[in-house]
Amino acid sequence: MSWYHLPSQLFIASIVCIVLIRTFLVSRKNKLSGGFVLLWTLLWSSALLVLFNLDRLSQISSRIGIGRGVDLVVYLALILLFWIVFQLALAHKRLERQLTVAIREQALQAASTQKPKI
Amino acid sequence: MKKPKKIPPIVAVIAARNESGTIADVVRSVKKQVSVVVVIDDGSTDDTGALAKKAGAVVVRHSLNLGQGASLETGFEYVRRYCPPETVVITFDADKQFVPSEIPVLVAAYLKNNVDIVLGSRFLGAAPGIPWLRMVLLQLGVWFTQLFSELKVTDTHNGFRLLGPRALAVIRLQHNRMAHASELLDIVGRTGLRYTEVPVTVRYYSDRKGQRNIDTVKIMIDLLLEKFEL
(Lines give C-alpha, C1' and ligand atoms only; values in the text may rest on other atoms or scores of the structure.)
Protein backbone atom coordinates (compact mmCIF):
# COMPACT_ATOMS: atom_id res chain seq x y z
CA MET A 1 0.00 0.00 0.00
CA SER A 2 1.24 3.42 -0.96
CA TRP A 3 1.50 6.23 1.66
CA TYR A 4 1.03 8.63 -1.25
CA HIS A 5 -2.74 7.99 -1.22
CA LEU A 6 -3.19 8.30 2.54
CA PRO A 7 -4.45 11.94 2.79
CA SER A 8 -7.18 11.42 0.14
CA GLN A 9 -8.05 8.03 1.66
CA LEU A 10 -8.51 9.61 5.09
CA PHE A 11 -10.60 12.42 3.62
CA ILE A 12 -12.93 10.01 1.77
CA ALA A 13 -13.05 7.66 4.78
CA SER A 14 -14.20 10.53 7.01
CA ILE A 15 -17.06 11.30 4.57
CA VAL A 16 -18.06 7.61 4.58
CA CYS A 17 -17.99 7.61 8.40
CA ILE A 18 -20.25 10.69 8.51
CA VAL A 19 -22.72 8.91 6.19
CA LEU A 20 -22.66 5.77 8.36
CA ILE A 21 -23.12 7.73 11.63
CA ARG A 22 -25.97 9.72 10.06
CA THR A 23 -27.62 6.47 8.89
CA PHE A 24 -27.31 5.03 12.40
CA LEU A 25 -28.84 8.15 14.01
CA VAL A 26 -31.77 8.31 11.57
CA SER A 27 -32.43 4.56 11.91
CA ARG A 28 -32.68 4.98 15.71
CA LYS A 29 -35.67 7.28 15.11
CA ASN A 30 -37.33 4.41 13.17
CA LYS A 31 -37.48 6.50 10.03
CA LEU A 32 -35.78 3.87 7.85
CA SER A 33 -36.65 0.24 7.22
CA GLY A 34 -34.27 -2.45 8.58
CA GLY A 35 -33.55 -3.79 5.09
CA PHE A 36 -32.61 -0.35 3.79
CA VAL A 37 -30.29 0.33 6.74
CA LEU A 38 -28.54 -3.02 6.21
CA LEU A 39 -28.13 -2.43 2.45
CA TRP A 40 -26.96 1.16 2.94
CA THR A 41 -24.45 0.16 5.65
CA LEU A 42 -23.11 -2.70 3.54
CA LEU A 43 -22.72 -0.41 0.52
CA TRP A 44 -20.74 2.26 2.37
CA SER A 45 -18.73 -0.28 4.38
CA SER A 46 -17.67 -1.97 1.15
CA ALA A 47 -16.58 1.47 -0.11
CA LEU A 48 -14.34 1.71 3.00
CA LEU A 49 -12.98 -1.78 2.32
CA VAL A 50 -12.14 -0.90 -1.26
CA LEU A 51 -10.63 2.42 -0.23
CA PHE A 52 -7.98 0.74 1.95
CA ASN A 53 -7.32 -2.15 -0.49
CA LEU A 54 -6.52 -0.21 -3.65
CA ASP A 55 -3.81 -2.68 -4.75
CA ARG A 56 -6.27 -5.57 -4.54
CA LEU A 57 -8.84 -3.51 -6.49
CA SER A 58 -6.23 -2.88 -9.23
CA GLN A 59 -5.46 -6.62 -9.40
CA ILE A 60 -9.16 -7.50 -9.78
CA SER A 61 -9.77 -4.83 -12.41
CA SER A 62 -6.75 -5.81 -14.52
CA ARG A 63 -7.83 -9.45 -14.29
CA ILE A 64 -11.22 -8.61 -15.85
CA GLY A 65 -9.66 -6.41 -18.53
CA ILE A 66 -10.19 -2.95 -17.02
CA GLY A 67 -6.93 -1.03 -16.70
CA ARG A 68 -7.29 0.89 -13.44
CA GLY A 69 -9.14 0.07 -10.24
CA VAL A 70 -10.80 3.46 -10.16
CA ASP A 71 -12.31 2.79 -13.61
CA LEU A 72 -13.93 -0.38 -12.26
CA VAL A 73 -15.46 1.62 -9.38
CA VAL A 74 -16.78 4.27 -11.79
CA TYR A 75 -18.34 1.64 -14.11
CA LEU A 76 -19.99 -0.16 -11.18
CA ALA A 77 -21.27 3.15 -9.80
CA LEU A 78 -22.74 4.04 -13.20
CA ILE A 79 -24.55 0.70 -13.44
CA LEU A 80 -25.89 1.16 -9.91
CA LEU A 81 -27.07 4.71 -10.67
CA PHE A 82 -28.87 3.62 -13.87
CA TRP A 83 -30.59 0.84 -11.96
CA ILE A 84 -31.67 3.26 -9.20
CA VAL A 85 -33.02 5.78 -11.76
CA PHE A 86 -34.97 3.02 -13.51
CA GLN A 87 -36.45 1.78 -10.23
CA LEU A 88 -37.38 5.35 -9.28
CA ALA A 89 -39.11 5.83 -12.65
CA LEU A 90 -41.16 2.67 -12.07
CA ALA A 91 -42.01 3.70 -8.50
CA HIS A 92 -43.08 7.11 -9.81
CA LYS A 93 -45.39 5.38 -12.33
CA ARG A 94 -46.97 3.24 -9.60
CA LEU A 95 -47.54 6.30 -7.38
CA GLU A 96 -49.06 8.21 -10.29
CA ARG A 97 -51.50 5.35 -10.92
CA GLN A 98 -52.65 5.32 -7.30
CA LEU A 99 -53.11 9.10 -7.37
CA THR A 100 -55.06 8.84 -10.64
CA VAL A 101 -57.46 6.26 -9.18
CA ALA A 102 -58.09 8.45 -6.11
CA ILE A 103 -58.68 11.66 -8.09
CA ARG A 104 -60.89 9.87 -10.64
CA GLU A 105 -63.06 8.32 -7.93
CA GLN A 106 -63.44 11.69 -6.21
CA ALA A 107 -64.39 13.36 -9.54
CA LEU A 108 -66.95 10.67 -10.43
CA GLN A 109 -68.55 10.76 -6.98
CA ALA A 110 -68.88 14.54 -7.27
CA ALA A 111 -70.45 14.14 -10.73
CA SER A 112 -72.98 11.53 -9.58
CA THR A 113 -75.52 14.34 -9.11
CA GLN A 114 -75.32 15.16 -12.82
CA LYS A 115 -76.54 11.84 -14.24
CA PRO A 116 -77.58 12.40 -17.87
CA LYS A 117 -81.20 12.06 -18.97
CA ILE A 118 -80.98 9.73 -21.99
CA MET B 1 -86.12 -6.95 -45.49
CA LYS B 2 -83.27 -6.24 -43.05
CA LYS B 3 -84.32 -4.00 -40.19
CA PRO B 4 -82.12 -0.87 -39.99
CA LYS B 5 -79.99 -0.66 -36.83
CA LYS B 6 -81.46 1.68 -34.22
CA ILE B 7 -79.30 4.72 -33.43
CA PRO B 8 -77.97 4.25 -29.86
CA PRO B 9 -77.48 7.08 -27.33
CA ILE B 10 -74.30 8.98 -28.23
CA VAL B 11 -72.14 10.62 -25.55
CA ALA B 12 -69.25 12.91 -26.53
CA VAL B 13 -66.31 12.82 -24.10
CA ILE B 14 -64.09 15.91 -24.27
CA ALA B 15 -60.90 16.26 -22.21
CA ALA B 16 -60.12 19.91 -21.54
CA ARG B 17 -57.49 21.82 -19.64
CA ASN B 18 -57.39 25.62 -19.71
CA GLU B 19 -59.51 25.79 -22.86
CA SER B 20 -61.71 28.73 -21.87
CA GLY B 21 -61.21 30.32 -25.30
CA THR B 22 -62.79 27.47 -27.26
CA ILE B 23 -64.71 25.13 -24.93
CA ALA B 24 -68.12 26.86 -25.04
CA ASP B 25 -68.23 26.91 -28.86
CA VAL B 26 -67.04 23.28 -29.05
CA VAL B 27 -69.68 22.08 -26.53
CA ARG B 28 -72.47 23.96 -28.30
CA SER B 29 -71.59 22.63 -31.75
CA VAL B 30 -70.96 19.03 -30.58
CA LYS B 31 -74.22 19.03 -28.59
CA LYS B 32 -76.18 19.35 -31.85
CA GLN B 33 -74.80 15.97 -32.96
CA VAL B 34 -74.99 13.86 -29.78
CA SER B 35 -77.25 13.05 -26.82
CA VAL B 36 -74.93 14.28 -24.07
CA VAL B 37 -71.58 16.11 -23.90
CA VAL B 38 -69.30 15.19 -20.98
CA VAL B 39 -66.36 17.53 -20.42
CA ILE B 40 -63.54 16.34 -18.18
CA ASP B 41 -62.03 19.50 -16.70
CA ASP B 42 -58.49 18.28 -16.10
CA GLY B 43 -57.41 20.58 -13.28
CA SER B 44 -57.92 23.81 -15.24
CA THR B 45 -56.83 27.03 -13.60
CA ASP B 46 -59.21 29.11 -15.71
CA ASP B 47 -63.02 28.92 -16.02
CA THR B 48 -63.11 26.06 -18.56
CA GLY B 49 -65.43 23.95 -16.36
CA ALA B 50 -67.90 26.78 -15.69
CA LEU B 51 -68.07 27.74 -19.38
CA ALA B 52 -68.59 24.12 -20.44
CA LYS B 53 -71.41 23.72 -17.92
CA LYS B 54 -73.04 26.96 -19.05
CA ALA B 55 -72.88 25.71 -22.66
CA GLY B 56 -74.81 22.59 -21.64
CA ALA B 57 -72.18 19.95 -20.84
CA VAL B 58 -71.94 17.60 -17.87
CA VAL B 59 -68.66 18.57 -16.20
CA VAL B 60 -66.49 16.07 -14.32
CA ARG B 61 -63.60 17.84 -12.62
CA HIS B 62 -60.16 16.43 -11.78
CA SER B 63 -58.83 18.28 -8.75
CA LEU B 64 -55.30 17.93 -10.19
CA ASN B 65 -54.04 17.85 -13.76
CA LEU B 66 -53.61 14.18 -14.75
CA GLY B 67 -53.34 14.27 -18.54
CA GLN B 68 -55.47 13.58 -21.58
CA GLY B 69 -55.39 9.78 -21.30
CA ALA B 70 -56.53 9.88 -17.66
CA SER B 71 -59.28 12.37 -18.55
CA LEU B 72 -60.64 10.17 -21.32
CA GLU B 73 -60.64 7.14 -19.00
CA THR B 74 -62.58 9.20 -16.42
CA GLY B 75 -65.07 10.06 -19.17
CA PHE B 76 -65.36 6.40 -20.17
CA GLU B 77 -65.94 5.41 -16.53
CA TYR B 78 -68.63 8.09 -16.24
CA VAL B 79 -70.43 6.53 -19.23
CA ARG B 80 -70.02 2.98 -17.84
CA ARG B 81 -71.54 4.03 -14.50
CA TYR B 82 -74.23 6.51 -15.38
CA CYS B 83 -75.35 5.86 -19.00
CA PRO B 84 -77.38 3.03 -20.59
CA PRO B 85 -75.29 -0.03 -21.61
CA GLU B 86 -75.93 0.46 -25.35
CA THR B 87 -74.36 3.97 -25.29
CA VAL B 88 -71.60 4.75 -27.78
CA VAL B 89 -68.86 7.26 -27.01
CA ILE B 90 -67.32 9.85 -29.30
CA THR B 91 -63.95 11.21 -28.16
CA PHE B 92 -63.41 14.79 -29.26
CA ASP B 93 -60.83 17.53 -28.68
CA ALA B 94 -61.57 20.83 -26.96
CA ASP B 95 -59.41 23.02 -29.19
CA LYS B 96 -61.54 23.21 -32.37
CA GLN B 97 -59.18 20.96 -34.35
CA PHE B 98 -62.01 18.56 -35.22
CA VAL B 99 -65.19 19.25 -37.18
CA PRO B 100 -68.38 18.43 -35.20
CA SER B 101 -70.43 17.95 -38.40
CA GLU B 102 -68.25 14.89 -39.12
CA ILE B 103 -69.58 13.03 -36.04
CA PRO B 104 -72.42 11.46 -38.12
CA VAL B 105 -69.75 10.00 -40.46
CA LEU B 106 -68.34 7.97 -37.56
CA VAL B 107 -71.81 6.96 -36.35
CA ALA B 108 -72.80 5.85 -39.87
CA ALA B 109 -69.60 3.76 -40.19
CA TYR B 110 -70.34 2.15 -36.80
CA LEU B 111 -73.90 1.26 -37.74
CA LYS B 112 -73.01 0.05 -41.25
CA ASN B 113 -69.83 -1.97 -40.65
CA ASN B 114 -70.69 -3.95 -37.50
CA VAL B 115 -67.51 -2.85 -35.71
CA ASP B 116 -66.61 -2.08 -32.08
CA ILE B 117 -64.53 1.02 -32.71
CA VAL B 118 -64.33 3.63 -35.47
CA LEU B 119 -61.04 5.52 -35.84
CA GLY B 120 -60.77 8.91 -37.51
CA SER B 121 -57.86 9.32 -39.93
CA ARG B 122 -56.54 12.69 -41.07
CA PHE B 123 -54.41 10.94 -43.68
CA LEU B 124 -57.53 9.48 -45.33
CA GLY B 125 -59.28 12.82 -44.88
CA ALA B 126 -57.62 16.22 -44.63
CA ALA B 127 -55.13 18.03 -42.41
CA PRO B 128 -55.05 21.66 -43.59
CA GLY B 129 -52.11 23.64 -42.22
CA ILE B 130 -50.24 20.63 -40.81
CA PRO B 131 -46.54 21.51 -40.26
CA TRP B 132 -44.16 19.21 -42.17
CA LEU B 133 -42.27 18.15 -39.02
CA ARG B 134 -45.56 17.12 -37.38
CA MET B 135 -46.40 15.10 -40.49
CA VAL B 136 -43.05 13.27 -40.29
CA LEU B 137 -43.42 12.59 -36.54
CA LEU B 138 -46.98 11.31 -37.01
CA GLN B 139 -45.77 8.92 -39.69
CA LEU B 140 -43.05 7.72 -37.30
CA GLY B 141 -45.82 7.26 -34.72
CA VAL B 142 -47.75 5.11 -37.21
CA TRP B 143 -44.71 2.83 -37.70
CA PHE B 144 -43.98 2.71 -33.96
CA THR B 145 -47.58 1.78 -33.16
CA GLN B 146 -47.69 -0.81 -35.91
CA LEU B 147 -44.59 -2.34 -34.31
CA PHE B 148 -46.35 -2.63 -30.92
CA SER B 149 -49.97 -3.26 -31.91
CA GLU B 150 -49.56 -4.89 -35.34
CA LEU B 151 -52.58 -2.96 -36.62
CA LYS B 152 -52.67 -1.65 -40.16
CA VAL B 153 -53.94 1.86 -39.49
CA THR B 154 -53.08 5.08 -41.30
CA ASP B 155 -53.30 7.48 -38.33
CA THR B 156 -52.43 6.64 -34.74
CA HIS B 157 -52.62 9.83 -32.67
CA ASN B 158 -56.02 11.02 -33.79
CA GLY B 159 -58.36 11.76 -30.88
CA PHE B 160 -61.52 11.69 -33.01
CA ARG B 161 -63.00 8.19 -32.52
CA LEU B 162 -66.15 6.28 -31.72
CA LEU B 163 -66.23 3.48 -29.14
CA GLY B 164 -69.11 1.05 -29.09
CA PRO B 165 -70.27 -0.72 -25.88
CA ARG B 166 -67.90 -3.69 -26.38
CA ALA B 167 -64.89 -1.41 -26.88
CA LEU B 168 -65.93 0.61 -23.83
CA ALA B 169 -66.08 -2.54 -21.72
CA VAL B 170 -62.67 -3.80 -22.87
CA ILE B 171 -60.61 -0.60 -23.09
CA ARG B 172 -59.22 0.57 -19.74
CA LEU B 173 -56.58 3.23 -20.37
CA GLN B 174 -53.59 3.12 -18.02
CA HIS B 175 -51.45 5.79 -19.68
CA ASN B 176 -52.32 9.20 -18.29
CA ARG B 177 -50.78 11.31 -21.02
CA MET B 178 -50.43 11.19 -24.79
CA ALA B 179 -49.27 7.55 -24.97
CA HIS B 180 -52.91 6.54 -24.38
CA ALA B 181 -53.52 6.77 -28.14
CA SER B 182 -50.93 4.05 -28.86
CA GLU B 183 -52.14 2.07 -25.84
CA LEU B 184 -55.71 2.14 -27.13
CA LEU B 185 -54.62 0.69 -30.48
CA ASP B 186 -52.50 -1.86 -28.64
CA ILE B 187 -55.63 -3.01 -26.75
CA VAL B 188 -57.63 -3.15 -30.01
CA GLY B 189 -54.93 -5.38 -31.53
CA ARG B 190 -54.61 -7.65 -28.49
CA THR B 191 -58.31 -8.15 -27.80
CA GLY B 192 -59.48 -8.54 -31.39
CA LEU B 193 -61.92 -5.61 -31.28
CA ARG B 194 -63.36 -5.01 -34.75
CA TYR B 195 -62.35 -1.62 -36.13
CA THR B 196 -62.62 0.55 -39.18
CA GLU B 197 -61.12 3.87 -40.21
CA VAL B 198 -62.99 6.83 -41.67
CA PRO B 199 -61.64 10.03 -43.21
CA VAL B 200 -61.83 13.08 -40.93
CA THR B 201 -60.51 16.63 -40.98
CA VAL B 202 -57.93 17.86 -38.44
CA ARG B 203 -57.33 21.60 -38.61
CA TYR B 204 -54.06 23.17 -37.49
CA TYR B 205 -53.83 26.70 -36.14
CA SER B 206 -50.44 28.35 -35.77
CA ASP B 207 -51.55 30.36 -32.70
CA ARG B 208 -52.90 27.45 -30.66
CA LYS B 209 -51.26 25.10 -28.26
CA GLY B 210 -51.41 21.45 -29.21
CA GLN B 211 -49.27 18.38 -29.02
CA ARG B 212 -45.62 19.46 -29.11
CA ASN B 213 -43.01 17.62 -31.13
CA ILE B 214 -41.08 16.70 -27.94
CA ASP B 215 -44.22 14.80 -26.83
CA THR B 216 -43.35 12.12 -29.40
CA VAL B 217 -40.22 11.27 -27.41
CA LYS B 218 -42.19 11.28 -24.13
CA ILE B 219 -44.77 8.91 -25.64
CA MET B 220 -42.03 6.45 -26.63
CA ILE B 221 -40.47 6.59 -23.11
CA ASP B 222 -43.93 6.04 -21.51
CA LEU B 223 -44.63 3.02 -23.72
CA LEU B 224 -41.20 1.51 -23.08
CA LEU B 225 -41.48 1.99 -19.28
CA GLU B 226 -44.82 0.19 -19.31
CA LYS B 227 -43.25 -2.79 -21.11
CA PHE B 228 -40.71 -3.19 -18.26
CA GLU B 229 -43.15 -2.58 -15.41
CA LEU B 230 -43.80 -5.54 -13.16
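Residues numbered from 1 in each chain as written. Chains lettered and ligands numbered in written order. Predicted model: local features only at pLDDT ≥ 70, side-chain atom pairs only at ≥ 80, totals over all residues. Heavy atoms only, no water.

Colleague: Honestly, the overall build of chain A in this entry has me stumped. Any pointers?
Modeller: Counting secondary structure elements, chain A contains 4 helices and 0 strands. Here the C-alpha radius of gyration of chain A, 24 Å, is well above what a compact globule of 118 residues would show, namely 13 Å. Classification of the 118 residues of chain A by burial places 21% in the buried group. Contacts spanning at least 24 positions in sequence make up 41% of the contacts within chain A whose residues lie at least 6 apart. Carbon and sulfur atoms make up 71% of the accessible area of chain A, which amounts to about 8900 Å² in all. Of the side chains in chain A, 13 bear a positive and 4 a negative charge, and the two mean positions are spaced by 10 Å. (Helix = DSSP H or I, 4+ residues; strand = E, 2+ residues; numbered from the N terminus. Rg over C-alpha atoms; globule rule 2.2 N^0.38 Å. Buried < 20%, exposed > 50% of the residue type's maximum accessible area, 1.4 Å probe, protein only. Contact = heavy atoms within 4.5 Å. Areas by Shrake-Rupley, 256 points an atom, 1.4 Å probe, with all protein chains shown as cover. Lys, Arg positive; Asp, Glu negative; His and termini not counted. Charge placed at Lys NZ, Arg CZ, Asp CG, Glu CD.)

Colleague: Got a minute to help me understand the sheet that holds strand β3 (residues 58-62) of chain B in this structure?
Modeller: Whenever strands of a sheet pair, they do so through backbone hydrogen bonds, lying parallel or antiparallel. Residue and element names in this part refer to chain B. Taken together, 7 strands build an open sheet; the order of strands is β3-β2-β1-β4-β6-β5-β7 and the sheet is mixed. At either margin of the open sheet sits one strand with a lone partner, and together these are β3 and β7 (195-201). Strand-to-strand twist of the sheet, defined as the mean angle between neighbouring strand axes without regard to direction, takes the value 25°. Across 5 bridges, strand β2 (residues 36-42) lies against β3 in parallel orientation. Bridge assignment links Asp42 to a residue of β3, and that residue is His62. Running over the sheet, helix α3 (residues 68-82) touches β1 (10-16), β2, β3, β4 (88-93) and β6 (161-163) and is turned about 150° from β1. (Pairing = 2+ DSSP bridges. Axes fitted to C-alpha atoms, helices over the stretch in contact; angles between N-to-C directions.)

Colleague: I'm lost on the interface of chain A and chain B in this one. Help?
Modeller: The figure often quoted for interface size is the accessible area lost as the parts come together. In this assembly, 22 residues from chain A lie in contact with 29 residues from chain B. Both sides together, the interface formed by chain A and chain B hides about 2400 Å², and carbon and sulfur atoms give 60% of it. Inspection of the region where chain A meets chain B yields 2 salt bridges. For the salt bridge of Glu96(A) with Arg177(B), the shortest nitrogen-to-oxygen distance reads 2.6 Å. (Buried area = accessible area lost by both parts, 1.4 Å probe. Salt bridge = Lys/Arg side-chain N within 4 Å of Asp/Glu carboxyl O.)

Colleague: Looking at this structure, I do not really get the pairing of β4(B). What am I missing?
Modeller: Consecutive residues of a regular strand have side chains that alternate between opposite faces of the sheet. Residue and element names in this part refer to chain B. Burial runs high along β4: 6 of the 6 residues are buried. Neither face of β4 is open: one carries Val88, Ile90 and Phe92, the other Val89, Thr91 and Asp93, and all of them are buried. Sheet analysis places β1 next to β4, joined by 6 bridges and oriented parallel. Looking at the pairing, Ala12 lines up with Ile90 of β4. Examined bridge by bridge, β4 and β6 share 3 bridges and lie antiparallel to one another. Across the sheet, residue Ile90 finds its bridge partner in β6, namely Leu162.

Colleague: Is there a simple way to explain the side chain of Asn176(B) in this structure?
Modeller: In this structure, Asn176(B) sits in the loop between α6 (165-170) and α7 (180-191). Note on Asn176(B): relative accessible area 6%, which makes it buried. Contacts of Asn176(B), omitting those with residues within four sequence positions, involve Glu96(A), Thr100(A), Leu66(B), Gly67(B), Gln68(B), Gly69(B) and Ala70(B).

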